[in-house]
Amino acid sequence: MTRIHQVLATLSYGDAIGHEVLGIQRVLRAAGYESEIFVETADYRLEPLTRDYRELVDASHPDNLLLHHFSVGSKASRTAYALPDRMALIYHNITPPEYFVGVHRTLARQCFTGRRELRGYVDRCDLALGDSEFNRQDLQDLGFPRTDVLPVVPDFSHLDQAADRFVADQFDDERTNVLFVGRVVANKKIEDLIRFFHAYQTTFNARSRLLIVGVFSLFERYMATLNHLVCELQVEDVHFAGHVSDAELVAYYEVADLFLCASEHEGFCVPLVEAFYKQVPVLAYAATAVPDTMDGAGVLFDDRDPWHVASLMDAIVSDAALQDAIVDGETAAVRRLQSKDFARTLMGFVDRILGSPRAGGPKVAFDFWHQFDAAEELEELRQYRPSAYKALPAAP
């Protein structure tokens, strides 16, 4: 029987791609397919659900179908490319590397090489799927001949639990809470969030705070610039919460009076619809996939002048009737999103791929598998005999 496996660089805990990968596996297994998740790295909480990408070589078969989640260049990506299995690409977008130059060199390099590698899949894939119309258009612009949209239908079950009481008691007071949820990385433009909030706090509402919820542990240099900006502006009550549990996330949404997003580059942006689901008015910068994700709900802005954004924030927060109207529109958008039959859409694409002529096979260098074996031997040496590994001559 045809096996349908998924392969990706890393499986992270609690992010949109991770939720989608696990959801796809549930659908495939429910349909009777054998389906495993092959990764290069995984969060320790998800490792038992995954297999090492090098095991994919033994699991490979020309009749199999690989669903390749592409968001950054990786060894897992290049290995999957070289196998004889049929392939469908699920594209989560690649942040332009210039956002990370001077902030995170490794990530800048990965984004650059990922964008370059992506072009190699134009003739390799039977179908290229974007998880938003913005991402599908990006694939089409890159020359992929067969594209479509596998919509993101977020699972909101993690937001239906009781809120963490410590967080709720800490921030549920007379102050206005302005919330952002997402990784603290440069494309999210956290510095603009701080400037917008500073203008709002000093001009309209001194009794307000900014809550920024999202991991920042890998971006210390960027985080340092943000802390410097907070000190330079002398803005008060800016809280970086870091990575939080689901119960804590629920509490942050429930104490929020406004969700503010200044991000310049998004492939979808799940926290926007999470805020919709938790009935928090959303004010967001109209860039990349954000307008499509908001689907006519919430409030969009395209003028990044801090005073202009602050005036919009005040107009929403100070008008209860306007807040109700915004939340009504957001609730309707969530219903439209939830009405999409993800399982049926996914299986429709699977049937379409398996019932169509396959794309051309992989085009790899004659010594690719020799290099693959050599790399695996070096990795074993690095893990089990690190002193011998370090004694090897430096790369030219």
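No experiment lies behind these values; they were computed from the predicted model shown.

*Asks:* Looking at this structure, how should I read the pairing of strand β9 (residues 208-213)?
*Replies:* Looking along a regular strand, one sees the side chains alternate between the two faces of the sheet. Counting buried residues in β9 gives 6 out of 6 residues, a clear majority hidden from the surface. Every second residue of β9 is oriented toward a common face, with Ser-208, Leu-210 and Ile-212 on one face and Arg-209, Leu-211 and Val-213 on the other, all of them buried. Where strand β8 (residues 176-181) meets β9, 6 bridges bridge the pair, whose relative direction is parallel. The residue of β9 that forms the bridge with Thr-176 is Ser-208. Running through helix α7 (residues 190-203), the crossover from β8 to the neighbouring parallel element β9 is right-handed. By the bridge criterion, 4 bridges tie β9 to strand β10 (residues 238-242) in an arrangement that is parallel.

*Asks:* What should I look at first to understand empty space enclosed by the protein in this one?
*Replies:* Empty space among the atoms can be located by rolling a probe the size of a water molecule over them. In this structure the tally under the stated criterion is 1 cavity of 30 Å³ or more. The volume enclosed by the largest cavity comes to roughly 30 Å³. Residue lining of the largest cavity: Leu-67, Ala-88, Ile-90, Leu-129, Leu-346, Phe-349, Val-350 and Ile-353, and that is the complete set. Ranked by residues supplied to the lining of the largest cavity, first place goes to helix α14 (residues 342-354) with 4 residues. Classifying every residue of the lining of the largest cavity gives 8 nonpolar, no polar and no charged.

*Asks:* Is there a simple way to explain the packing of aromatic side chains in this structure?
*Replies:* Aromatic ring pairs are described here by two measures, namely the spacing of the ring centres and the angle between the planes. Counted according to the given criterion, the structure contains 10 aromatic pairs. A ring pair is formed by Phe-70 and Tyr-121, whose centres lie 5.5 Å apart and whose planes are at 65°; its orientation type is edge-to-face. Of this pair, Phe-70 sits in strand β4 (residues 65-70) while Tyr-121 sits in the loop between α4 (105-118) and β6 (127-130); the two residues are 51 residues apart in sequence, bridging distant segments of the chain. Given a relative accessible area of 0%, Phe-70 falls into the buried group. By way of ring pairs, the aromatic residues Phe-70, Tyr-81 and Tyr-121 are connected into one cluster. One cation-aromatic arrangement involves Arg-45 over Tyr-13; the distance from NZ or CZ to the ring centre is 3.9 Å.

*Asks:* How should I be thinking about the packing of helix α10 (residues 270-277) against helix α13 (residues 320-338) in this particular structure?
*Replies:* Helix-helix packing: each pair is described by the crossing angle between the helix axes and the interaxial distance. Two numbers describe how α10 lies on α13: the axes approach to 8 Å, and their chain directions differ by 115°. Here α10 and α13 pass one another in a crossing that is left-handed. Here α10 contributes Val-273, Ala-275, Phe-276 and Tyr-277 to the contact with α13, which in turn contributes Glu-330, Ala-333, Val-334, Leu-337 and Gln-338. For the contact of α10 with α13, a count of residues per class yields 7 nonpolar, 1 polar and 1 charged.

*Asks:* Can you help me understand the sheet that holds strand β1 (residues 4-11) in this one?
*Replies:* Strand pairs in the sheet, formed through backbone hydrogen bonds, run parallel or antiparallel to each other. One open sheet holds the 7 strands; their spatial order is β3-β2-β1-β4-β5-β6-β7, and the pairing between them is parallel. The outermost strands of the open sheet, each flanked by one partner alone, are β3 (51-52) and β7 (147-149). Examined bridge by bridge, strand β5 (residues 86-91) and β6 share 4 bridges and lie parallel to one another. Bridging from a neighbouring strand, Ala-88 pairs with Leu-127 of β6. Contacts between α14 and the sheet are confined to β1, β4, β5, β6 and β7, with β7 contributing the most and set at about 165° to the helix.

What counts, and where the lines are drawn
Residues numbered from 1 in each chain as written. Predicted model: local features only at pLDDT ≥ 70, side-chain atom pairs only at ≥ 80, totals over all residues. Heavy atoms only, no water. Buried < 20%, exposed > 50% of the residue type's maximum accessible area, 1.4 Å probe, protein only. Helix = DSSP H or I, 4+ residues; strand = E, 2+ residues; numbered from the N terminus. Pairing = 2+ DSSP bridges. Right-handed = clockwise from strand over helix to strand, strands pointing away. 1 Å grid on protein atoms, 1.4 Å probe; cavity = no way out; pocket = protein on both sides within 12 Å on 5 of 7 lines; lining within 4 Å. Points joined across faces, edges and corners; volume = space filled by probe spheres on them. Nonpolar A, V, L, I, M, F, W, Y, C, P; charged D, E, K, R; others polar. Phe/Tyr/Trp six-rings, centres within 6.5 Å; stacked < 30°, edge-to-face > 60°. Lys NZ or Arg CZ within 6 Å of the ring centre and 35° of its normal. Axes fitted to C-alpha atoms, helices over the stretch in contact; angles between N-to-C directions. Left-handed = near helix turned anticlockwise from the far one by under 90°. Contact = heavy atoms within 4.5 Å.

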